[in-house]
Amino acid sequence: MHINSLKLLEFLISYLNQENYSLESLSEEEKIMLLMFHYTVWNDSPKGDLIYYINKLKHDNKYIFEEIIELLKYNRDNIDYMAEEINLDYACPLEVYARYSTDQILAAFGVHTLDHKKSFREGVLYLEDKNTDLFFITINKSEKHFTATTQYDDYAISEKMFHWQSQSRTSDSSPTGQRYINSRKNKNTILLFVRGYRSENSITSPFYFLGKANYVSHEGSKPISFVWELEKPIPPFILKKSNKVVDVV
């Protein structure tokens, strides 16, 4: 229901409407999108065989399969924003400003694989093989789901500036803290994913992809407070969800 990436929607609609399925003709990005779809539907590893599960969905769950395609078409026909491409040093089908679930994001970056689903509950994830940090940011944190040590002060300062706090155990002299501080110099990629609330209407909220962020400044330690500058401005419809403390400039 939350999928609003035109790239992902058009690929899935086209692929799922085929008579027979194969991976041979797919690009690397398309294979990733198919894996994202699998984790969206099944919420578990395909045990190395994506095609088996697509056929299982199509033939054993015909009406659900047809309903999924209709919903994908509806979402495609009702997109009301303009996505932006992102240039990374590796294949990644995500579009800036689109919404994605945690599982879809983890599949997109190769954390969830054909053979293994990673258990993940943190707000940050470092991908050493891609020299990339993923920040999963929930702006409004309730005491029910976040402890005193995870009530980080995260918010949009303006359409391009974002205030973010590291985990409470991260010092400015630690390897993680130094990686953040020296991310520009070391060409470490910082990617931000933001949502207003953990859940809305009893459904887990997806994250809006804000794209790359570059280091501006920091202060403090355990946690470290950072100011990041986004490469692409936050559009108003996301900015409203990302700003809670200060007036938007």
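For the structure, see preceding data.
None of these values were measured; they are calculated from a predicted model.

The rules behind the values
Residues numbered from 1 in each chain as written. Predicted model: local features only at pLDDT ≥ 70, side-chain atom pairs only at ≥ 80, totals over all residues. Heavy atoms only, no water. Buried < 20%, exposed > 50% of the residue type's maximum accessible area, 1.4 Å probe, protein only. Helix = DSSP H or I, 4+ residues; strand = E, 2+ residues; numbered from the N terminus. Pairing = 2+ DSSP bridges. Contact = heavy atoms within 4.5 Å. Patch = residues over 30% accessible without salt bridge, like charges linked within 9 Å, V, L, I, M, F, W, Y side chains within 5 Å. Areas by Shrake-Rupley, 256 points an atom, 1.4 Å probe, with all protein chains shown as cover. Salt bridge = Lys/Arg side-chain N within 4 Å of Asp/Glu carboxyl O. 1 Å grid on protein atoms, 1.4 Å probe; cavity = no way out; pocket = protein on both sides within 12 Å on 5 of 7 lines; lining within 4 Å. Points joined across faces, edges and corners; volume = space filled by probe spheres on them. Nonpolar A, V, L, I, M, F, W, Y, C, P; charged D, E, K, R; others polar.

**Student:** I'd like to hear about the pairing of strand β5 (residues 161-165), residue by residue, with values.
**Tutor:** Summarising burial for β5: four of the five residues are buried, a large majority. Between the end of strand β4 (residues 155-156) and the start of β5, which pair antiparallel, lie four residues. Bridge analysis of β5 against strand β10 (residues 225-230) gives five bridges, and the strand direction is antiparallel. By the bridge assignment for β10, glutamine 165 is matched with serine 225.

**Student:** How would you summarise helix α1 (residues 6-16) if you had to cite specific residues and measurements?
**Tutor:** Given 3.6 residues per helical turn, the α-helix brings residues three or four places apart onto the same face. By the criterion of burial, α1 is predominantly enclosed, with eight of the 11 residues buried. The set of residues buried in α1 consists of Lys7, Leu8, Leu9, Phe11, Leu12, Ile13, Tyr15 and Leu16. In this structure, the buried side of α1 is in contact with α2 (28-42), α3 (50-60), α4 (62-77) and β1 (99-100).

**Student:** Describe a nonpolar patch on the surface, and please don't skip the residues or the numbers.
**Tutor:** Residues Met1, Leu71 and Tyr74 make up a contiguous nonpolar surface patch of about 370 Å² in total accessible area. Residue position: methionine 1 is located in the segment before α1. Methionine 1 sits in the exposed class, given a relative accessible area of 75%.

**Student:** Explain the environment of glycine 211 to me, and be specific about the residues and the numbers.
**Tutor:** Among the structural elements, glycine 211 can be located in strand β9 (residues 207-219). When its relative accessible area of 2% is taken as the criterion, glycine 211 is described as buried. In this view, glycine 211 contacts Ile86, Val96, Ile190, Leu191, Leu192 and Leu230; residues no more than four positions away in its chain are not counted.

**Student:** Which residues make up empty space enclosed by the protein, and what values do they have?
**Tutor:** In the structure shown here, the tally under the stated rule is one cavity of 30 Å³ or more. Size it by volume and the largest cavity reaches roughly 40 Å³. Around the largest cavity, the lining residues are Leu34, Phe37, His38, Trp42, Leu50, Tyr53, Ile54 and Leu57. Those elements that provide at least two residues to the lining of the largest cavity are α2 and α3. Taken together, the residues of the lining of the largest cavity break down into seven nonpolar, one polar and no charged.

**Student:** Would you mind going over the pairing of β9 in detail, with residue names and values included?
**Tutor:** Looking along a regular strand, one sees the side chains alternate between the two faces of the sheet. Sheet topology note: the β1/β9 ladder contains two bridges and is antiparallel. When the bridges of β9 are listed, arginine 99 appears paired with tyrosine 208. Strand direction decides the pairing type here: strand β6 (residues 189-197) and β9, joined by five bridges, are antiparallel. Residue pairing in the sheet places valine 194 in a bridge with tyrosine 208 of β9. Note: β9 against β10, six bridges, orientation antiparallel. Of the residues in β10, the one forming a bridge with serine 217 is valine 227. Taking the residues that link successive antiparallel strands as the turn, the β9-β10 hairpin has five residues, and the phi of glycine 220 there is positive, at about 80°.

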